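Observations on the three-dimensional arrangement
Chain by chain, the residues run as shown.
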Amino acid sequence: MVSLNVAELKDGQRFSTPLILDNHFIILDNTLSFTSALQSRLVEWGFKTIYSESDESVETKKVVPVTPAPKEFETVDIDLDTLNEEYKDKSNALNAQLKEVLSRVNIDIKNFPNKNRMENVTKAYNEFMNYTQLVFTRYVTHHEMKIEELSESVSILIDFVKTNKKYILRLQPTEEHKLDKNFLTSHCLRSTIIAIVIGLQINMPSSKLVELSIAGLIHEIGQIKLPPQLYLTGKPLSPQARNLLATHTVLGFNIVKELGFPLPIQVALLEHHERENGQGYPRHLEGNKISTYGKILSVACSYEAITSPRHYKEARSLYEATIEMLLNKNKQYDDIVIKALVTAVSLFPIGTYVYLSNGKIAQVAESNPNDPRLPIVEIVGEKNELGNPKTIITDNDKNKIVRVLNKEELKGVQAYIK
């Protein structure tokens, strides 16, 4: 990898290999020329050095600055013949590892359904996270994603969520995640799990659930074509920067279109920021003009974003996220999708700690299919005759949920459990 001094690059200069930011993010493809406008933005964002596989300049000509800034980051033709065998082998190995870990976890769960369940689910979740990160890394470095491989992997994920919904939904990112440069893949995986839960709730056919899950897993892939300063900064973005960041939906659409992904997946990536009221982007679609996958990912992504810490905000509770989605301010989201989400996770979402009218503290363990307001909970510190957590169905009487625990109370409960 060759280091290039941003200040020394010339307007119209083009290199034989792509220009890369932070050794990971493609900022300019080798089919496009470097411009003074791009140079100015790099300086403004604090980048003095960028990288390339080669410093060979293949063309030098003056570029007339008539193209708007976002155009400099559009996707270009992808050469699938550049597949690197090393990464192919690594991908196959990780896929095999994913299957092996899931097989062991499923055996442990079957033989010991309650013993170390959260530990096993966490182990499996981490394997899915490793896989998601590889999918992104492989595309960044080699412009390669395989629909067949993704279909197989998300099918494994769907089956795992079906079996372990009440456990996997308890996993929440910590404050440390806000500093994690891999938060894009974390967001994609968590959003996909929520989308799967919604899809299962509305009895979505298996083939469509697979397509939805693939779209969810890679819905932010377009962001890797943009400078990471746009989404890693904790500072407010300028209107120009916000507009540039918004192009990630079109960039993602272009990526999967060039790779020959099915049209429903292409459209899902394009529409995951559309809103029912027409205030979304990129096409400001309204209501029924938005695809089903777009509607579901819109809700799943927003719900995930509310409950995750970011560089610019603290995470809010699952309960707060559910209430915000139910309020549906300005009618942003599809009511049917919101109802499916709340029914699946309950009004007091799975994983939430609550205070009961009998004076006990409990954690929401499962949604109640008969009434999302009255979930099934596990009483903290109490076991049944088999030694498992004592479980009850909440009601509007002695086992009524009075309120959700606040942050300080939650810290105390978690310390007690440990």
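Residues numbered from 1 in each chain as written. Predicted model: local features only at pLDDT ≥ 70, side-chain atom pairs only at ≥ 80, totals over all residues. Heavy atoms only, no water.

Let's talk about the confidence of the model for the chain
When pLDDT is averaged along the chain, the result is 82, and 80% of the positions lie at 70 or above. The low-confidence segment residues 59-87, where pLDDT is below 50, has 55 contacts with residues more than four positions distant or belonging to other chains. Scored below 50 in pLDDT, residues 175-179 makes 12 contacts in the model with residues more than four places away or belonging to other chains. (pLDDT = per-residue confidence, 0-100. Contact = heavy atoms within 4.5 Å.)

Some points on unusual backbone geometry
A cis amide bond links Tyr281 with the next residue in sequence, Pro282, at an omega value of 15°. Within the fold, Pro282 resides in the loop between helix H10 (263-271) and helix H11 (292-306). For Lys331, which is not glycine, the phi torsion reads 55° and is therefore positive. Take Lys331: it is sitting in the loop between helix H12 (318-327) and helix H13 (335-345). Given the relative accessible area of 53%, Lys331 is considered exposed. (Helix = DSSP H or I, 4+ residues; strand = E, 2+ residues; numbered from the N terminus. Buried < 20%, exposed > 50% of the residue type's maximum accessible area, 1.4 Å probe, protein only.)

Points about the sheet that holds strand S9 (residues 376-383)
Here we have 5 strands laid out as an open sheet, ordered S10-S9-S8-S7-S11, and antiparallel in their pairing. Two strands close off the open sheet at either side, each with one partner strand: strand S10 (389-393) and strand S11 (401-404). Averaged over all pairs of adjacent strands, the angle between strand axes in this sheet comes to 45°, irrespective of strand direction. As judged from the 3 bridges shared by strand S7 (residues 353-356) and S11, these two strands associate in the antiparallel manner. Of the residues in S11, the one forming a bridge with Tyr355 is Arg403. (Pairing = 2+ DSSP bridges. Axes fitted to C-alpha atoms, helices over the stretch in contact; angles between N-to-C directions.)

As for the packing of helix H4 (residues 147-168) against helix H5 (residues 183-201)
H5 packs onto H4 with a crossing angle of 90° between their chain directions and a minimal axis gap of 10 Å. It follows that H4 is roughly perpendicular to H5 by the angle criterion. Across from Leu157, Ile158, Val161, Lys162, Lys165 and Ile168 in H4, the residues of H5 making contact are Leu189, Thr192, Ile193, Ile196, Val197 and Leu200. Taken together, the residues that form the contact of H4 with H5 break down as 9 nonpolar, 1 polar and 2 charged. (Parallel < 35°, antiparallel > 145°, perpendicular 65-115°, else oblique. Nonpolar A, V, L, I, M, F, W, Y, C, P; charged D, E, K, R; others polar.)

Observations concerning the packing of H5 against helix H6 (residues 206-217)
The interhelical angle for the contact between H5 and H6, taken along N-to-C directions, is 160°, at an axis separation of 8 Å. On the basis of the axis angle, H5 is roughly antiparallel to H6. The interaxial crossing formed by H5 with H6 has right-handed handedness. In this structure, H5 contributes Cys188, Leu189, Thr192, Ala195, Ile196, Gly199 and Leu200 to the contact, and H6 contributes Leu209, Leu212, Ser213, Gly216 and Leu217. Looking at side-chain class alone, the contact of H5 with H6 contains 8 nonpolar, 4 polar and no charged residues. (Left-handed = near helix turned anticlockwise from the far one by under 90°.)

Re empty space enclosed by the protein
Counted according to the given criterion, the structure contains 5 cavities of 30 Å³ or more. Approximately 150 Å³ is the volume found for the largest cavity. Looking at the largest cavity, it is lined by 15 residues, and the ones nearest its centre are Leu169, Gln172, Arg190, Ile194 and Tyr303. Looking at the lining of the largest cavity, the elements with two or more residues in it are H5 and H13. The leading source of residues in the lining of the largest cavity is H5, at 3 residues. (1 Å grid on protein atoms, 1.4 Å probe; cavity = no way out; pocket = protein on both sides within 12 Å on 5 of 7 lines; lining within 4 Å. Points joined across faces, edges and corners; volume = space filled by probe spheres on them.)

Some thoughts on the pattern of salt bridges
Counted under the stated rule, the structure contains 14 salt bridges. A salt bridge links Glu144 to Arg138, with the nearest nitrogen and oxygen atoms 2.5 Å apart. Residue Glu144 is classed as buried on the basis of its relative accessible area of 7%. Among the ionic contacts, a cluster of salt bridges with common partners joins Arg138, Glu144 and Glu149. (Salt bridge = Lys/Arg side-chain N within 4 Å of Asp/Glu carboxyl O.)

Details of the packing of aromatic side chains
Summed over the entire model, instances satisfying the criterion amount to 2 aromatic pairs. Plain terms: the ring middles of Tyr319 and Phe348 are 5.2 Å apart, the flat faces sit at 5° to each other, and that makes the pair stacked. Placement of the pair is Tyr319 in helix H12 and Phe348 in the loop between H13 and S7, with a sequence separation of 29 residues. A relative accessible area of 10% means that Phe348 is categorised as buried. Between the NZ or CZ atom of Arg403 and the centre of the ring of Tyr355, over which it lies, the distance is 5.4 Å. (Phe/Tyr/Trp six-rings, centres within 6.5 Å; stacked < 30°, edge-to-face > 60°. Lys NZ or Arg CZ within 6 Å of the ring centre and 35° of its normal.)

Looking at the environment of Ile20
Assignment of secondary structure puts Ile20 in strand S3 (residues 19-21). The class for Ile20 is buried, based on a relative accessible area of 12%. In this structure the C-alpha to C-alpha distance between Ile20 and Val2, which are 18 residues apart in sequence, comes to 10.0 Å.

Structural notes on the nonpolar core
With 81 residues, the main nonpolar core has Met145, Ile168, Ile218, Ile221 and Phe261 as its most contacted residues. Among the elements that take part in this core, helix H3 (residues 117-142) stands out by supplying 10 residues, more than any other. Ignoring sequence-local partners within four residues, the contact set of Ile221 consists of Phe136, Tyr139, Met145, Gly252, Ile255 and Leu269. Counting 8 residues, the second largest nonpolar core, distinct from the first, contains Val6, Leu9, Phe34 and Ile50. (Core = buried A, V, L, I, M, F, W, Y, C linked by side-chain atoms within 4.5 Å.)

Considerations on the pairing of S9
On a regular strand, one side chain projects to one face of the sheet and the next to the other, so that they alternate. Note that strand S8 (residues 361-366) and S9 share 4 bridges and pair antiparallel. Bridged to Ala362 within S9 is Ile379. Pairing between S9 and S10: 4 bridges, direction antiparallel. The residue of S10 that forms the bridge with Ile376 is Ile393. The antiparallel hairpin formed by S9 and S10 contains 5 residues in its connecting segment, where Gly387 sits at a positive phi of about 85°.

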